[in-house]
Amino acid sequence: MDDNKMQMTIPLKSGDLVLKNPVLTASGTFGYGVEFSRYGDLTGLGGIVTKGLSLKPMKGNPQPRIVETAAGMLNAIGLQNWGVEGFLENYLPKLPLEQLPVIVNIYAHSPEDFSSLAARLSNVPGIAALEVNISCPNVACGGLLFGQDPKMAFEVTRAVKQASGNLPVMVKLSPNVTSITEIALACEEGGADMLSCINTLTGMAVDLKGRRPALANVVGGLSGPAIKPVALRCVWQVANAVKIPVIGIGGVYCADDILEFLLVGAYAVQVGTANFHRPNKAFELPAELEARMKKLKIENLQSFRGTLQIPDIKSWDEM
Amino acid sequence: MSDRIHTLKVLDMVPHETATIKNRFYELRLEPPGWSNWSPGQFAMLRPAAWGGEQTWSKPISICSVNDKGLVFFFQVSGHGTRRLAQVRPGDDMIVVGPLGSKFAVYPDRPTLMLAGGMGLAPFVGYSEAHPNPGNLKLLFGHRLPLECYLYPACACKLGERTCRHENMNDEESFMAVLEENIAALAPVNGLALACGPGHFLRKVQEFSLKHGVDAQVSLESRMACGIGACLGCVVKPLLDEATGKNRSSKPQPKSMHQDMPAPVCACGPVFWVDSFKF
Ligand SMILES: Cc1cc2nc3c(=O)[nH]c(=O)nc-3n(C[C@H](O)[C@H](O)[C@H](O)COP(=O)(O)OP(=O)(O)OC[C@H]3O[C@@H](n4cnc5c(N)ncnc54)[C@H](O)[C@@H]3O)c2cc1C
Ligand SMILES: Cc1cc2nc3c(=O)[nH]c(=O)nc-3n(C[C@H](O)[C@H](O)[C@H](O)COP(=O)(O)O)c2cc1C
Ligand code: FES
């Protein structure tokens, strides 16, 4: 594989973040990475994003937590995780940190807890960046609330940024808002180095015969190819509104999806629900991407990024 | 390529049907996977290679039997995915992730009662084939539809009619009485009960075996997305002892069953000791 063609250099205030390819895995769909090491070479990926971590372990929501939907799924896991110390002790040391950018996704109920988490992780060697989840629809406190209010989004971003030292901070945005650019701008102002979008869309499924909700939490987050058009729109809007780099998430399933996100301005993508199609899915995407680039005569991804051309026709009459 | 992902050709898709029940029960045979390390109770995630992004999850199906003629599954059409699964034809490619999960215990010298409800018969086909002392095996099969819909005739033929008993589950009360009676009979002979089937059936197996002090395992079903312990969608509640903080069961447990955290059925199970978890 010609590394340079696939390489993405993400410009950050603290120095460039270089990815060997734009294929990252999305939080919550790739465990802590180690679960997948049996199915492929982790170091072949551009990077991974770990399951959301909180300060203390969290048990998550009651069952059922997931349900399959057309071209996607709903989840209300409720952020079950081993807590930051459990992760640092049992999982991080098992990852090939020198050859693989590991982005740690964090979640907290308050700006103060976000700050403590960031501080704890700031001096751990080997972490490439933090991803701040202000967009989880599945927890009672905080979560989505932070991502729906520009003031809160600003505050959480600032708190994390102040506590995280040199670690780059990426804030993960929710599509469940009236204006995603308003929140994006608030995070940029709060000091975010990057933004990632999108988290899941709030949705619902019911069991018609049983007359019950399909999830114990009643509502959950929709993910998978079903949400890709929404995600593309969000990435395009956000990339045009802010100066900091944007990572695209939502329904990435094949090489063309990756190229589409790059075309509208993303520097990389995260592969989420597609990991459930089969556990080697993400590992195959870099090679598939290279083949598609050849076919489409895309010489390198860096210069291809953000080259969407919008025809300059403003109205029906101009046609 | 990982040792746990295989692309196997479909050899056969045989419907099990009667004059009135059609397109619901299928025996699927794939080329032999060359596994040396599978045990009955384990499952695989199946995904026809032709499926695209429109179908999200692979389908968890119990491994029925594995031999040099092929890898066999038995499944029921219960929704969108299994309906599409039934459409694959000989020569099609199937992506198989497996063998996954835990196994049914084998104690050759103890009388062992296999309790199967409907589709729950599948793992016991392989269990009967692999057991070193089949003379110690008995089967109680509960069903709602005619026997031809299931693998029962093949099973009964292999095990011998005398050790197999089938009961119609439609008369719930009388079936549960038979179930309890059979489980209770294991207590004085230090027997082992193994169960696979619908949730309400497994709950009863748990209740009766705890009541009569019989060692028992059940194979739990849960909605599964990843099948490999990564999404935490399929979890079950471990039963911990307040004093020791460890799992209440005296049987060996995976590490996650000793922690006060939901444990993934796909990775810690699907086979669990009945005293180790709460429904
Ligand atoms: C370890 C394990 C082993 C299994 N072995 C077999 C087997 O040998 N033969 C067989 O026929 N079936 C088996 N199942 C059940 C089978 O996986 C489900 O019936 C199938 O996934 C349903 O998918 P669907 O798309 O057809 O239905 P869906 O449209 O997803 O749903 C149909 C109905 O099934 C329920 N359901 C959905 N997914 C599951 C699930 N994974 N488990 C249980 N219920 C579910 C839904 O709530 C709904 O009521 C097993 C399940 C597990 C977890
Ligand atoms: C089962 C599951 C668990 C998830 N857990 C998290 C999480 O812990 N933190 C987070 O920021 N996003 C989480 N997400 C959201 C994904 O990271 C991603 O943003 C979303 O699924 C959209 O991408 P996809 O369509 O490729 O799956 C989860 C998604 C799923 C399906
Ligand atoms: S199905 Fe994902 S953890 Fe079990």
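Conventions adopted
- Numbering of residues starts from 1 in every chain and runs along the sequence as written.
- Here every chain gets a letter starting at A, and every ligand a number starting at 1, in the order they are written.
- Per-residue local features of the predicted model are confined to residues with pLDDT of at least 70, and side-chain atom pairs are confined, for both listing and counting, to 80 or more; whole-chain, interface and lining totals are unaffected and use all residues.
- The side-chain numbers reported here are obtained from all heavy atoms of the structure, hydrogens and water having been left aside.
- Helix and strand assignments come from DSSP, with helices taken as H or I runs of at least 4 residues and strands as E runs of at least 2, each series counted from the N terminus.
- Computation of the radius of gyration draws on C-alpha atoms alone. For the globule rule, the value is 2.2 Å times the number of residues to the power 0.38.
- Residue exposure (1.4 Å probe, protein chains only): buried if accessible area is under 20% of the type maximum, exposed if over 50%, otherwise partly exposed.
- The contact criterion used throughout is that any non-hydrogen atoms of two residues lie within 4.5 Å.
- We call a residue near a given molecule or strand whenever any one of its heavy atoms falls within 4 Å of it.
- Residues adjacent in sequence count toward polar contacts only when both atoms are side-chain atoms; beyond that, a polar contact is any pair of N or O atoms within 3.5 Å, and within protein one must be able to donate a hydrogen and the other to accept it.
- Residue-level accessible areas treat just the shown protein chains as cover; the underlying method is Shrake-Rupley with a 1.4 Å probe.
- Definition of nonpolar core: a set of buried residues of the types Ala, Val, Leu, Ile, Met, Phe, Trp, Tyr and Cys, connected through side-chain atoms within 4.5 Å.
- Gly counts as polar in this scheme, as do all residues outside two lists: the nonpolar Ala, Val, Leu, Ile, Met, Phe, Trp, Tyr, Cys and Pro, and the charged Asp, Glu, Lys and Arg.
- DSSP calls a pair of strands paired once it identifies at least 2 bridges connecting them.
- Two parts placed together each lose some accessible area under a 1.4 Å probe, and the buried area is that loss summed for both.
- One speaks of a salt bridge when a side-chain nitrogen belonging to Lys or Arg is within 4 Å of a carboxyl oxygen belonging to Asp or Glu.
- Axis definition: a line fitted to C-alpha atoms, limited for helices to the stretch in contact. Angles are taken between N-to-C directions and run from 0 to 180 degrees.
- When the strands point away from the viewer, a crossover counts as right-handed if the path from the first strand over the helix to the second runs clockwise.
- Here the expected length of a helix is defined as 1.5 Å per residue gap, with one fewer gap than residues.
- Stacked, edge-to-face and tilted are the three classes for Phe, Tyr and Trp ring pairs, Trp counted by its six-membered ring, which pair at centre distances within 6.5 Å; planes under 30 degrees apart are stacked, over 60 edge-to-face, the rest tilted.
- Should the NZ of a Lys or the CZ of an Arg lie within 6 Å of a ring centre and within 35 degrees of the ring normal, that charge is described as sitting over the ring.

Enquirer: Can you break down the overall build of chain A residue by residue, with the values?
Expert: Scanning chain A from N- to C-terminus turns up ten helices and 16 strands. In terms of C-alpha radius of gyration, chain A reaches 19 Å, essentially the compact-globule figure of 20 Å for 319 residues. Projecting the C-alpha coordinates of chain A onto the three principal axes gives extents of approximately 50 × 50 × 40 Å. Burial analysis of chain A (319 residues in total) assigns 59% to the buried set. Within chain A, contacts between residues separated by at least 24 positions form 71% of all contacts whose residues are at least 6 apart in sequence.

Enquirer: Would you mind going over the site of ligand 1 in detail, with residue names and values included?
Expert: Residue and element names in this part refer to chain B. Ligand 1 sits among 20 residues. The nearest are Lys59, Pro60, Gln76, Gly81 and Thr82. Within the side chain of Arg223, one N or O atom sits 3.4 Å away from an oxygen atom of ligand 1. When ligand 1 is considered free in solution it has 840 Å² of accessible area, and contact with the protein chains removes 78% of it. Elements that contribute at least two residues to the shell around ligand 1 include exactly strand S4 (59–62), strand S6 (70–76) and helix H1 (80–85). Of all the elements, S4 adds the most residues to the shell around ligand 1, at four residues.

Enquirer: Residues and numbers for the nonpolar core, please.
Expert: A:Ile134, A:Leu173, A:Leu195, B:Leu115 and B:Leu179 are the most contacted members of the largest nonpolar core, which totals 142 residues. If we ignore the near neighbours within four places in the chain, the residues touching A:Leu195 are A:Met170, A:Val171, A:Leu173, A:Ala184, A:Cys187, A:Val238, A:Val242, A:Ile244, A:Pro245, A:Val246 and A:Ile247. By size, the runner-up hydrophobic cluster in this structure holds 33 residues, among which are B:Phe104, B:Met114, B:Val125 and B:Leu147.

Enquirer: Could you give me a rundown of the site of ligand 2, with the residues and numbers involved?
Expert: All names here are of chain A. Neighbouring residues of ligand 2: 23 residues in total, closest Ser27, Lys172, Gly224, Gly251 and Thr273. In the model, an oxygen atom of ligand 2 is placed 2.7 Å from a nitrogen or oxygen of the Lys172 side chain. A distance of 3.1 Å separates an oxygen atom of ligand 2 from a polar backbone atom of Gly272. If ligand 2 stood free it would expose 610 Å²; the protein chains cover 98% of that surface. In terms of residue class, the shell around ligand 2 is made up of six nonpolar, 15 polar and two charged.

Enquirer: Would you mind going over the sheet that holds strand S14 (residues 263–264) of chain B in detail, with residue names and values included?
Expert: Residue and element names in this part refer to chain B. Ordered by their spatial adjacency, three strands build an open sheet running S14-S13-S16, and the pairing between neighbours is antiparallel. Each end of this open sheet is capped by a strand with a single partner; those strands are S14 and strand S16 (277–278). Here strand S13 (residues 235–238) pairs with S14 via two bridges, running antiparallel. Residue pairing in the sheet places Val236 in a bridge with Ala263 of S14.

Enquirer: Which residues make up the interface of chain B and chain A, and what values do they have?
Expert: The partner chain A presents 34 residues to the 35 residues of chain B that form the contact. Carbon and sulfur atoms make up 57% of the surface buried where chain B meets chain A, a total of about 3000 Å² over both sides. When the area that chain B buries against chain A is broken down by residue, the three leading residues are B:Thr56, B:Arg223 and B:Met261, summing to 21%. Applying the counting rule to chain B against chain A returns three salt bridges. A salt bridge links A:Lys59 to B:Asp260; the nearest nitrogen and oxygen atoms lie 2.9 Å apart. A per-element tally of the side of chain B that touches chain A places strand S7 (residues 93–100) of chain B first, with three residues. Across the side of chain B that touches chain A, the residue classes break down as 18 nonpolar, ten polar and seven charged.

Enquirer: Explain the sheet that holds strand S11 (residues 201–204) of chain A to me, and be specific about the residues and the numbers.
Expert: Residues and elements named next belong to chain A. Here we have four strands laid out as an open sheet, ordered S5-S6-S14-S11, and antiparallel in their pairing. Since the sheet does not close on itself, it has two edges, and those belong to strand S5 (66–69) and S11, each with one partner. Sheet twist, expressed as the average angle between the axes of neighbouring strands with direction ignored, equals 40°.

Enquirer: Quick rundown of the pairing of strand S9 (residues 137–143) of chain B? Include the residues and the values.
Expert: Residue and element names in this part refer to chain B. In terms of residue burial, S9 counts as a mostly covered element, since six of its seven residues are buried. In terms of handedness, the path from strand S8 (residues 112–117) via helix H2 (residues 122–130) over to S9 forms a crossover that is right-handed. In the sheet, S9 pairs with strand S10 (residues 164–168) via five bridges, with the strands oriented parallel. Each bridged residue has a counterpart across the sheet, and for His143 the counterpart in S10 is Asn168. Considered for its hand, the β-α-β crossover made up of S9, helix H3 (residues 152–159) and S10 is right-handed.

Enquirer: Before we move on, can you summarise helix H5 (residues 199–211) of chain B with the specific residues and values?
Expert: All names here are of chain B. The terminal C-alpha atoms of H5, which comprises 13 residues, lie 18 Å apart, in line with the 18 Å expected from a rise of 1.5 Å per residue. Of the positions making up H5, those classed as buried are Phe201, Leu202, Val205, Gln206, Phe208 and Ser209. Elements that come into contact with the buried residues of H5 comprise S8, helix H4 (172–184), strand S11 (192–196), strand S12 (215–219) and S16. Within two residues after H5, Gly213 carries a phi angle of roughly 65°, on the positive side.

Enquirer: Tell me about the packing of aromatic side chains, and please be specific about residues and values.
Expert: Under the criterion given, the structure shown has 15 aromatic pairs over all chains. Taken together, a centroid distance of 5.1 Å and an interplanar angle of 75° make the contact between B:Phe277 and B:Phe279 edge-to-face. You can call B:Phe279 partly exposed: its relative accessible area is 34%. Through pairs of rings, three or more aromatic residues link up here, namely B:Phe25, B:Phe141, B:Tyr150 and B:Tyr152. When the ring centre of A:Tyr267 is taken as origin, the NZ or CZ atom of A:Arg305, which lies over that ring, is 3.8 Å away. Lying across the ring of B:Trp273, B:Lys251 places its NZ or CZ 5.0 Å from the centre.

Enquirer: Before we move on, could you go through the pairing of S6(B) and cite the residues and values that matter?
Expert: As a general feature of sheets, a regular strand has side chains that alternate between the two faces. Among the seven residues in S6(B), six count as buried, and that is most of the element. Remark: two residues form the turn of the hairpin made by strand S5 (residues 65–67) of chain B and S6(B), two consecutive strands paired antiparallel.

Enquirer: Tell me what's going on with the pattern of salt bridges, and back it up with residues and numbers.
Expert: Residues and elements named next belong to chain A. Under the counting rule described, the total for this entry stands at 21 salt bridges over all chains. Across the salt bridge formed by Lys13 and Asp193, the nearest N and O atoms sit 3.7 Å from each other. Highlighted residues: Lys13 in the loop between strand S1 (8–10) and strand S2 (17–19) and Asp193 in the loop between helix H6 (180–189) and strand S10 (194–197), separated in sequence by 180 residues. Given a relative accessible area of 2%, Asp193 falls into the buried group. Among the ionic contacts, a cluster of salt bridges with common partners joins Lys13, Lys161 and Asp193.

Note that every value here comes from positions in space, so none of it alone points to a role or purpose.
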